[in-house]
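Structural overview for review
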Amino acid sequence: MNVMKAMKRIRWAALVLLLLGVACDDGKIYETYQPMEEQGSVYQLTAILRGVDTWPDDYELVAAAFGDSPYATYTKVIHAPAREGEPVSVILSGMREVNQVEICAVNRLRKRIVTFYQTEFTLQEDTLFVDAGTLDVSISNGVQQQVFNTDCIGCHGASTFAAANLFLTEGKSEAALVGVPSTRSGAGKLLVTPRSPDESFLMDVLTHPEAVRHDHVDILSAKPDKLTLLEAWIESIKTNL
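Report follows, based on the coordinates. (Residues numbered from 1 in each chain as written. Predicted model: local features only at pLDDT ≥ 70, side-chain atom pairs only at ≥ 80, totals over all residues. Heavy atoms only, no water.)

Re the overall build of the protein
Summing up its helical and strand segments, the protein has six helices and seven strands in all. Secondary structure of the protein in N-to-C order comes out as α-β-β-β-β-β-β-β-α-α-α-α-α. Sorting the 241 residues of the protein into buried and exposed places 37% on the buried side. For the protein, the proportion of contacts with a sequence separation of at least 24, taken over those separated by at least 6, is 61%. A total accessible area of about 15,100 Å² is found for the protein, and carbon and sulfur atoms account for 54% of it. (Helix = DSSP H or I, 4+ residues; strand = E, 2+ residues; numbered from the N terminus. Buried < 20%, exposed > 50% of the residue type's maximum accessible area, 1.4 Å probe, protein only. Contact = heavy atoms within 4.5 Å. Areas by Shrake-Rupley, 256 points an atom, 1.4 Å probe, with all protein chains shown as cover.)

Listed below in structure tokens is the structure:
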């Protein structure tokens, strides 16, 4: 009888152990390692910048990263340094799926308006330190690079000839335009009247085909961002040169 009881207890013990095993192991294998999401690259841009505070409120001077679109994917606003000539450092972090990093001016929609410095983007784990050197990032230089150099100097000074004797090349354009009376304005306007695009004959030339004998309207008619930039530059001029 004692032997029968002992065997019964053994069977009960085996059954309990079997049930415990099933409860503890449901047959699934759980992954113990979860890879971390890629954090993106970090760029630290350093430069000596002149003219940071010349941009009006409708624009921002930024360090920015771009993909294939003219609209920035990542931006960091650049503020004027406390002292003239002091280097400025800006960090862009977490960047992915972009192909270039710039110091540029953007509008309120973060659309690129003018680029002052550009470098290719490389996805990497370590922080990339980039020295952009010394840059003139003023709105006047933005107009020179984005408007005069690309759309005007072909006729106005790129060679030894300048139509209407108007030189719009670097170092000459502002002196040739700002505060200078127009010889072709029936209303006696200045070519550029500080703070007043409406009173500037330059804007008449670019927006009204009847303003001069040679039609300039088509030069910027399909480039509204450039016309807006010109107007902003004129509004930012404080005094005659």
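Once you've had a look at it, read on.
Details of the sheet that holds strand β2 (residues 59-66)
Read from one edge of the open sheet, four strands run β3-β2-β5-β6, paired in antiparallel fashion. Only two strands of the sheet have a single partner each, and these edge strands are β3 (74-77) and β6 (112-120). Between one strand and the next, the sheet's axes are offset by a mean angle of 25°, whatever the strand orientation. The pairing of β2 with strand β5 (residues 100-107) spans eight bridges and is classified as antiparallel. Across the sheet, the residue bridging to A64 is E102, located in β5. (Pairing = 2+ DSSP bridges. Axes fitted to C-alpha atoms, helices over the stretch in contact; angles between N-to-C directions.)

As for the side chain of S138
Among the structural elements, S138 can be located in the loop between β7 (128-136) and α2 (139-152). Since its relative accessible area comes to 7%, S138 is described here as buried. A distance of 3.0 Å separates polar atoms of two side chains, one belonging to S138 and the other to S140. Contacts of S138, omitting those with residues within four sequence positions, involve R50, G51, T54, W55 and F116. (Polar contact = N/O pair within 3.5 Å; in protein donor to acceptor, adjacent residues only side chain to side chain.)

Digging into the environment of R108
With respect to the helices and strands, R108 occurs in the loop between β5 and β6. C-alpha separation for the pair R108 and Y59, spaced 49 residues apart in sequence, amounts to 6.2 Å. Dropping the residues within four chain positions of it, R108 is found in contact with D57 and D58. In this structure the side chain of R108 is engaged in a polar contact, spanning 3.1 Å, whose partner is the side chain of D58.

Regarding the sheet that holds strand β1 (residues 41-50)
Read from one edge of the open sheet, three strands run β4-β1-β7, paired in mixed fashion. Edge strands, defined here as strands with exactly one partner in the open sheet, are β4 (88-95) and β7. Strand-to-strand twist of the sheet, defined as the mean angle between neighbouring strand axes without regard to direction, takes the value 20°. As defined by bridge partners, β1 adjoins β7 across eight bridges and the pair is classed as parallel. Bridge pairing in β7 links Y43 to L128.

A short note on unusual backbone geometry
Peptide bonds are mostly trans, and most non-glycine residues show a negative phi. In this model, E97 sits at a positive phi of 55°, which is unusual for a non-glycine residue. With respect to the secondary-structure elements, E97 resides in the loop between β4 and β5. Residue classification places E97 among the exposed positions, given a relative accessible area of 76%. Although it is not a glycine, A164 adopts a positive phi angle of roughly 60°. Its location among the elements puts A164 in the loop between α2 and α3 (173-177). Judged by relative accessible area, A164 falls into the exposed class, the value being 59%.

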